[in-house]
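Structure at a glance
Listed below are the residues making up each chain.
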Amino acid sequence: MLKRFPFADPLFLLAVVLPTAIAVLYFALFAADIYISEARFVVRSPDKQTSSALGFVLGASGLSTSGDKSYTVVEYVRSRDALRDANRDNAVLKAYSRDDLSMFDRFGGLFNGKTFEHFYAYFSAKVGIDFDAGTQVTRLSVSAFSPHDAQMINQRLLGHAEQLVNRLNERAQKDTIQLAQAEVDRAKDRARNAAVALAEFRNSRRILDPEKEATVRLQMVSKLQDELIGARTELAQMQQYTPENPQIPTLKTRIAALGAEIADQTGQIAGAPNSLSGDAVRYQALQLDAEVAAKQLAAALASVQDAEAEARRKQAYVERIAEPNLPDYPLEPHRWKGILATFILGLIAWGVLRTLIAGIREHHD
C-alpha cells in the first residue's frame, strides 16, 4: 500500500523532495536579500533632432537627445574601466565581499575566484544598463546586498559616465579648435611675412606707393611740358620780331634745361632700369600678397569662432531623469517563487524519469 504514495518512492524523494528541501534551506538560511537601485537618464546634444516624444519635450529647450553618446555610455558602464573608476577606494569590493554574506552570494566565496577578472565577471552580473532607442532613455540598475551600497555604486557609475561624456566633449572641442587655431597661426605668419616684404620694399626704394609717386611725377612732367611749350613759343616770337634780343640765349638755355628735366622725369617713370613702372609691378605683387594674406587671416579668425560654436553645438550632456534611488525593501530573491519553481521542476523530472523507467522495464519484460 505504501508504494501508492509518491512519498514512499525513492525516485520521488530524490527528484522532488530533496531538491525542494535544499531550495527551502538555501532561501531560508543562505540567500541574502538583494536591493536594486535604479537611475534613468538621457544623453542630449544641441545639434541633433529626434522624433520621439521625450526628444520633442527636450527640444523645447534647444537640446535634443544624442544616441551616439548614449551607446558610448552603455559600453563604458559595461567595461572594466567603469569598475576600476568606481572601485578606486575598494568600496565596491567591500560591498560585495562582506563577511556576513553567505559563501554562495559574496565575492570570493564558494564559486568565485579573487582576481580582478573574477570580480569583473561577478560585478557584471550585478549591473544592468539598457538604452531604449525609441525614447532615448537609458536605464541603469545596480544590485547589492544593502540599499546604501546599491545606491552608492549606482551614483558612482552614473557620475563617472557623466565625466566620460565631459571628457569626450572636451577632447572634441580641443581638437576642433586646435585645428582652426593652427590655421590662424599659419595665416598670421603669411600676413606678417607679406607685410615685412612690403615694408622692406618701401624702405629700399624710399617710395611709399609707386603708383601715387608716378602720378605726382606725371603731373610734374605735364607742368614742365607746358612751360617748355610756352618757352618755345616765346623764343619763336623773339627770333621772328626781335632777333637781336639779348634774352634769346637765356631762353634757349631754359628750353634745353626743361627738355632735359622732362626726359629725366619721364625716364624715372618708365624706361629706365629703376623706373617707377617696374617698381609698380613689384609693389602690386607685394600688395596683392599682403591683401590675400590679410583675407586669409580674417577667414581663419572667423573659422576659429565657427569651430568654437560648432564644438558647443556638438557637446553632449547627461541629463538625469531619475536619480539613483535608495531601495526600501529587497526585490530579490523571490524565495517562494524559487521554492515553487524547484518543486515543479522536480515533479516534471520525476514524471519523466518514472515514465522512462517504466518503459525500460516493459521493454525487458
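Residues numbered from 1 in each chain as written. Predicted model: local features only at pLDDT ≥ 70, side-chain atom pairs only at ≥ 80, totals over all residues. Heavy atoms only, no water.

1. Some points on a nonpolar patch on the surface
Among the surface-exposed residues, L340, F343, I344, L345, L347, I348, V352, L353, L356 and I357 lie close enough to one another that they form a single nonpolar patch of about 860 Å² accessible area. Along the chain, the position of I348 falls in helix α11 (residues 335–364). Classification of I348 as exposed rests on a relative accessible area of 51%. (Patch = residues over 30% accessible without salt bridge, like charges linked within 9 Å, V, L, I, M, F, W, Y side chains within 5 Å. Areas by Shrake-Rupley, 256 points an atom, 1.4 Å probe, with all protein chains shown as cover. Salt bridge = Lys/Arg side-chain N within 4 Å of Asp/Glu carboxyl O. Helix = DSSP H or I, 4+ residues; strand = E, 2+ residues; numbered from the N terminus. Buried < 20%, exposed > 50% of the residue type's maximum accessible area, 1.4 Å probe, protein only.)

2. Some details on helix α6 (residues 116–124)
Among all positions of α6, only F119, Y120, Y122 and F123 are buried. With its buried residues spanning 165° around the axis, α6 presents them on a single face. (Arc of directions from axis to C-beta.)

3. Some remarks on the pattern of salt bridges
Note that side chains of opposite charge can pair when their charged atoms are close. Within this structure, the stated rule accounts for 12 salt bridges. The shortest N-O distance in the salt bridge between E323 and R320 comes to 2.7 Å. The class for E323 is partly exposed, based on a relative accessible area of 47%. Where salt bridges share partners, they join E38, R40, D130 and R139 into one cluster.

4. Considering the confidence of the model for the chain
The pLDDT averaged across the chain works out to 76; a share of 74% of its residues lies at or above 70. The lowest-confidence element of the chain is helix α2 (residues 53–59), averaging 44 in pLDDT; the highest-confidence one is helix α4 (residues 80–86), averaging 93. Across residues 48–65, confidence stays below pLDDT 50; counting only partners more than four residues off in sequence or on other chains, it has 35 contacts. (pLDDT = per-residue confidence, 0-100. Contact = heavy atoms within 4.5 Å.)

5. Some points on the nonpolar core
Core analysis: the largest hydrophobic core is formed by 39 residues, its most contacted members being V77, V92, Y96, F123, L140, I153 and L157. Those elements giving two or more residues to this core turn out to be β1 (35–45), α3 (67–77), α4, α5 (91–96), α6, β3 (127–132), β4 (137–144) and α7 (147–205). Here the element with the most residues in this core is α7; it accounts for 8 residues. Other than its neighbours up to four places away in sequence, Y96 contacts L101, R106, F107, F119, Y122, F123, K126, V142, S143, A144, F145 and I153. (Core = buried A, V, L, I, M, F, W, Y, C linked by side-chain atoms within 4.5 Å.)

6. Examining the packing of aromatic side chains
If you walk through the whole model with that rule in mind, you get 7 aromatic pairs. Taken together, a centroid distance of 5.5 Å and an interplanar angle of 75° make the contact between Y96 and Y122 edge-to-face. Pair noted here: Y96 is in helix α5 and Y122 is in helix α6, with a separation of 26 residues, a long-range link. Side by side, Y96 and Y122 carry an identical accessibility label, which is buried. Three or more aromatic residues joined by ring pairs make a cluster, and in this case those are Y96, F107, F119, Y122, F123 and F145. (Phe/Tyr/Trp six-rings, centres within 6.5 Å; stacked < 30°, edge-to-face > 60°.)

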